[in-house]
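# Close look at the chain arrangement
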Protein chains: 2
Amino acid sequence: MSLHGLSLLAGQTGQPGGKRFRAANPATGQSIEPDFHEASLAEASAALEAAAIAFADTRVRSGADRARLLETMATEIEALGDELLQRAQAETGLPLARLTGERGRTCGQLRLFAQVVREGSWVDARIDPAQPARQPLPRADLRRMLVALGPVVVFGSSNFPLAFSAAGGDTASALAAGCPVVVKAHRAHPGTAELVATALQRAISACGFPPATYSLIHGGGSTLGIALVKHPATAAVGFTGSHAAGRALFDAAAARPHPIPVFAEMSSLNPLFVLPGAQAERAAAIAQGLLGSFTLGVGQFCTKPGLVFVTRGADTDAFLQKLAEVVRAAPCGTMLTSGIREAFLENRNRVTAVADVRVLATGSAPGRPERTEAEPSVATTSARTFLANPVLATEAFGPFTLVVVAEDAAELVACAQALEGQLTATVHGDADDLEASGALLDALERVAGRVVINGFPTGVEVCPAMNHGGPYPATTDVRFTSVGTAAILRFARPVCFQGYPDSLLPSALQDANPLGLLRMVDGKPSRDPVTRG
Amino acid sequence: MSLHGLSLLAGQTGQPGGKRFRAANPATGQSIEPDFHEASLAEASAALEAAAIAFADTRVRSGADRARLLETMATEIEALGDELLQRAQAETGLPLARLTGERGRTCGQLRLFAQVVREGSWVDARIDPAQPARQPLPRADLRRMLVALGPVVVFGSSNFPLAFSAAGGDTASALAAGCPVVVKAHRAHPGTAELVATALQRAISACGFPPATYSLIHGGGSTLGIALVKHPATAAVGFTGSHAAGRALFDAAAARPHPIPVFAEMSSLNPLFVLPGAQAERAAAIAQGLLGSFTLGVGQFCTKPGLVFVTRGADTDAFLQKLAEVVRAAPCGTMLTSGIREAFLENRNRVTAVADVRVLATGSAPGRPERTEAEPSVATTSARTFLANPVLATEAFGPFTLVVVAEDAAELVACAQALEGQLTATVHGDADDLEASGALLDALERVAGRVVINGFPTGVEVCPAMNHGGPYPATTDVRFTSVGTAAILRFARPVCFQGYPDSLLPSALQDANPLGLLRMVDGKPSRDPVTRG
């Protein structure tokens, strides 16, 4: 399949003529054909206006219809075969095995959201039947459920060209809720995005949804992004990327005449605490696991542990030695783009330039700029230095972590309490450590969206119990997750139907419970039909 | 009980010395003893810092503990007896019967939230047990629940001195979630607020909660309000009031280094549609019901129907005549404050000053300014004029409604589609009307948080299925309700616990399900214990 390099606007290709750009293969530095054409602001606006019209249709589609759409999308993505993986590899430098896994995750989450909306109870249906004889006043029949919010703008991420991009978790959950989606493709993998968008459009056509259920827009810079967020038809925004960009979108959304929610997943250090018993019990295994976690995807994961805290004890030097040893043996890796590599080096150097920060070890060979490589490295400092230098909590998005050594448990807790919002926090400890770690866990449960014990934060499971979110600046909305089935709740709002005859109610709220949902009836969960008083 | 006129800061009275003010009896214009003392910014800050410390305790209290606190608060408010009602009557001019009912509602919602947190399933517990043998990768044990957000600042409303004020729905739902609360008392009823706050503090003391679980602050002007919203310890804000004030708080919260959610319930016209069959069938009953609804509380309800749309038909003149007749017979009423009265007259006059708007009827006697009175009135215009003059959708907070006559069903739908966000929308129709009203209901379900058929929007039931919210400018966050049990969701966030040993988990997530919650286990609702793999 040859790529046209144009935006896909409500089923039609956009106009050529905008500024052109190409993807580059980070592993070779060479640009990749074809040219891609930036969409105009008028095209972006037209895509959103078409999405607003499509919304009149998508919002009332049954869960079964939406499930079929999501499943067909997964099938069509799979049908792209190796071409998709090869293009993604060329554009990102990521290994085929990783991309194969990521495709599985992408299609898996489309199918998981299909299950959620086919089953249907996610709408949190609540029915309080009329009480006409109640004194002093009768109660009206009241029924509430969640309905779709409206067109959603999604910004593709750099680091997950499939799972957080054209058909990633934001897209899947917004479509599942009944919202049309307009994706701004990430400039680093426009061909991957075009292939995926074409597959989605085939699914939309096959399932009889309006073409404007989905559009993909190429472009760059903040002007287009801000225009998408400020468009009156936009009802919500999903974003994964840097703090600066996420905050700019959030600020633009908050300054609208009618503000809208922005779900920006931005920056996180993902602190990992290694308590004394764990150091004694399994220093080598933790060092190896930590290396694997902070270098996974060349350190370009939102959940990469970028800060490690240890309490000084008899085994601390051995742990640090073991960590230095595995890092020294680790190869460098190709980063996603030269811009990401440069930002990584700059942020890493800001940390290592602080007095009393010592580089403990670097990888087996230095990264070559012409191959966009970076070598893994680890530095160390004292808790006192960490607490005195907020710059040490700078996220360096790449294969680097900073080990902070606390003199005792109290100083360790002080470090935890000094942290800003995080996606994750992790504790390694033996049974005695954990028994004594109440204050530490309390601090971490307050600052993070997910707390991991004796594991590693990378590898975000897509399931009902996942929470991928956290207090600011990890995200702009601590109340929601961007991974897992609860992500659908971002794109819905409650509506209460009072005094409706049964025939005018959405089927989720009808007396007979034709969808078989678990509903809350008179405050109690039930799948039973409702009898009117 | 004699009033001290001071703020109540974490169980202690504030310092006198700030600017003084008094409440005024709107029915007489006379000021009421004693003087109240505005809190200093330092006192406001100290209250929030104390709340942040108290939060370490309140967030881990059991649902049973929090339930006992809420129930004791209700009992203590009731124990204030007639003194509370008399003070509230003097400060607001509201009739004793209304205030008695409102006290019942206030205590009722405290007890309802007590039920919700004692039962406990509101935390939306989700458990995905470990799958150690899964290929290609094992799954960790993942458990998620909602936890309290942090200290909440609540702004007391003018129009519900009990139910949306010192111990209103925002306070009750925030305390239920486990959040300490700092209330900025409304300046129009400071004595009522002091009495209620004293009752709450007695309950806090009796239940062994930290005194800073609740503080009440006196003050006025935007400086104090903005300072409360901008304080680093503040985690969320509840507000009921004007659009200008709500938007200012929202903007301040969005501009914080770490933005926080603001739940501002601001302005709504609550459009009510009377379809031809309903006009024919029960013009008199609808006219009478409408009068009751738009003059309830002298028109000072968030859900007051301020716009009425009718399609012109054989019975329209008769309906308008009947409406004029009942309005002409209706007495004037005392409004809450002279400022509210002046704003009402100004906004009403802005509407009636538009060319082609005709005053249809005014009440039996003109309101006397010295008694803060306003007379009910109704005006009428054409749909064409309505669509051409956005000023006609100005909320006039008081006993006034504008009847808009559409030439046909299409024009009626066009009016519905032109509306901004609303708390409620209402349709009166007979069976044939409703059968044919798909486009109208669709438009209203998109623009409003609650749609009422053949009823009136005033009288907001406090129950699980209620939604009191809506698209902007009705509220600043369409995803949440401020009335009903779902209001607790505003003040909570999810946390995922990964790989936790059972003993370190919150009881809501423990294997044995000691609280007997309805949880989602492996994606399916269950009250069963969980077996670890």
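Everything here concerns the structure above.
The sections below set out a description of the structure shown in this document.

Scoring rules and cut-offs
- Residues numbered from 1 in each chain as written.
- Chains lettered and ligands numbered in written order.
- Predicted model: local features only at pLDDT ≥ 70, side-chain atom pairs only at ≥ 80, totals over all residues.
- Helix = DSSP H or I, 4+ residues; strand = E, 2+ residues; numbered from the N terminus.
- Rg over C-alpha atoms; globule rule 2.2 N^0.38 Å.
- Buried ≥ 20, exposed ≤ 12 C-beta atoms within 10 Å, placed from the backbone.
- Contact = placed C-beta atoms within 7 Å.
- Nonpolar A, V, L, I, M, F, W, Y, C, P; charged D, E, K, R; others polar.
- Pairing = 2+ DSSP bridges.
- Axes fitted to C-alpha atoms, helices over the stretch in contact; angles between N-to-C directions.
- Least-squares fit on C-alpha atoms with pLDDT ≥ 70 in both.
- Parallel < 35°, antiparallel > 145°, perpendicular 65-115°, else oblique.
- Left-handed = near helix turned anticlockwise from the far one by under 90°.
- Expected span 1.5 Å × (residues − 1).

### Describing the overall build of chain A
In terms of regular secondary structure, chain A is built from 15 helices and 23 strands. A compact globule built from 533 residues should have a C-alpha radius of gyration of about 24 Å, and chain A, at 25 Å, falls within 12% of that. Each of the three principal axes of chain A carries a C-alpha extent, and together these read 75 × 65 × 40 Å. For chain A, the proportion of its 533 residues judged to be buried stands at 61%.

### A short note on the interface of chain B and chain A
Each side of the interface is counted separately: chain B has 48 residues, and chain A has 48 residues. Elements with a contribution of two residues or more to the side of chain B that touches chain A: β5 (126-128), β6 (142-148), α8 (243-254), α15 (438-447), β20 (448-453) and β21 (492-498) of chain B. Residue contributions to the side of chain B that touches chain A peak at six residues, all from β21(B). Of the residues belonging to the side of chain B that touches chain A, the class tally is 28 nonpolar, ten polar and ten charged. As judged from the three bridges shared by strand β20 (residues 448-453) of chain A and β21(B), these two strands associate in the parallel manner. By the bridge assignment, Val451(A) is partnered in β21(B) with Phe497(B).

### Some words on the environment of Asp511(B)
Residue and element names in this part refer to chain B. Among the structural elements, Asp511 can be located in the loop between β21 and β22 (519-521). Asp511 sits in the partly exposed class, given 15 other C-beta atoms within 10 Å. In the structure, Asp511 is positioned 382 residues away from Pro129 in sequence and 9.7 Å away in space, judged by C-alpha atoms.

### Notes on the sheet that holds strand β23 (residues 524-526) of chain A
Overall, mixed pairing links the twelve strands, which are arranged β23(A)-β22(A)-β5(A)-β6(A)-β21(A)-β20(B)-β19(B)-β12(B)-β13(B)-β18(B)-β17(B)-β15(B) in an open sheet. A strand with exactly one partner marks an edge of an open sheet, and here the two such strands are β23 of chain A together with β15 (358-362) of chain B. With direction set aside, neighbouring strand axes in the sheet form an average angle of 25°. Note: strand β5 (residues 126-128) of chain A against strand β22 (residues 519-521) of chain A, two bridges, orientation parallel. Across the sheet, the residue bridging to Arg126(A) is Met520(A), located in β22(A). In the packing of helix α10 (residues 316-328) of chain B onto the sheet, the strands contacted are β12 (272-274), β13 (307-311), β15, β17 (377-382) and β18 (400-406) of chain B, and the crossing angle to β15(B) comes to about 50°.

### Details of the relation of the copies chain B and chain A
Of the transformation placing chain B onto chain A, the axial shift is 0.0 Å and the rotation is 180°, giving an RMSD of 0.0 Å. Seen this way, the second copy is the image of the first under a two-fold rotation axis. Closest approach to the rotation axis within chain B is made by the C-alpha atom of Ala254(B), at a distance of 3.2 Å. The share of interface residues of chain B whose copies in chain A are also at the interface is 100%, consistent with both copies meeting through the same surface.

### Some words on helix α5 (residues 169-177) of chain A
Residues and elements named next belong to chain A. The element α5 is largely enclosed, with a buried count of nine among its nine residues. When α5 is considered as a whole, its buried residues turn out to be Gly169, Asp170, Thr171, Ala172, Ser173, Ala174, Leu175, Ala176 and Ala177. Gly178 sits one or two residues past α5 and shows a positive phi near 105°.

### Side note on the sheet that holds strand β13 (residues 307-311) of chain A
The strand order across the open sheet built from twelve strands is β15(A)-β17(A)-β18(A)-β13(A)-β12(A)-β19(A)-β20(A)-β21(B)-β6(B)-β5(B)-β22(B)-β23(B), with neighbouring strands paired in mixed fashion. Each of the sheet's edge strands pairs with one partner strand only, and the pair in question is β15 (358-362) of chain A together with β23 (524-526) of chain B. Neighbour-to-neighbour, the strand axes of the sheet open up by a mean angle of 25°, direction not taken into account. Where β5(B) meets β6(B), three bridges bridge the pair, whose relative direction is antiparallel. Note that in β6(B) the partner of Arg126(B) across the bridge is Arg144(B). Against the sheet, helix α9 (residues 276-295) of chain A touches β12 (272-274), β13, β18 (400-406) and β19 (422-428) of chain A, its axis set at about 150° to β12(A).

### Here we look at the packing of helix α4 (residues 96-119) of chain A against α5(A)
Residue and element names in this part refer to chain A. At their nearest, the axes of α4 and α5 sit 9 Å apart, and the two run at 20° to each other. Considering the angle they form, α4 stands roughly parallel to α5. Judged by the sense of rotation from one axis to the other, the crossing of α4 with α5 is right-handed. Touching Gln109, Leu110, Phe113, Val116 and Val117 of α4 are Gly169, Ala172, Ser173 and Ala176, all from α5. Looking at the contact of α4 with α5 residue by residue, the class counts come to six nonpolar, three polar and no charged.

### Some words on the environment of Gln288(A)
All names here are of chain A. Among the structural elements, Gln288 can be located in helix α9. Residue class for Gln288 comes out partly exposed when judged on the 15 C-beta atoms lying within 10 Å of it. Placed 36 residues apart in sequence, Gln288 and Ala324 show a C-alpha to C-alpha distance of 10 Å.

### Observations regarding α8(B)
For α8(B), built from twelve residues, the straight-helix expectation of 16 Å at 1.5 Å per residue is met to within 8% by its first-to-last C-alpha distance of 16 Å. All buried positions along α8(B) are accounted for by Gly246(B), Leu249(B), Phe250(B), Ala252(B), Ala253(B) and Ala254(B).

### What to know about unusual backbone geometry
Pro136(A) follows Gln135(A) through a cis peptide bond whose omega is 0°. Among the secondary structure elements, Pro136(A) is positioned in the loop between β5 and β6 (142-148). In the segment running from Tyr472(B) into Pro473(B), the intervening peptide bond is cis, with an omega of 5°. By the secondary structure assignment, Pro473(B) is in the loop between β20 and β21. A positive phi angle, near 50°, is found at Asp124(A), a position not held by glycine. Following the sequence through the fold, Asp124(A) ends up in the loop between α4 and β5. Overall, Asp124(A) belongs to the buried group, with 20 C-beta atoms counted inside 10 Å. Positive phi values are uncommon outside glycine, yet Asn270(A) reaches one of about 50°.

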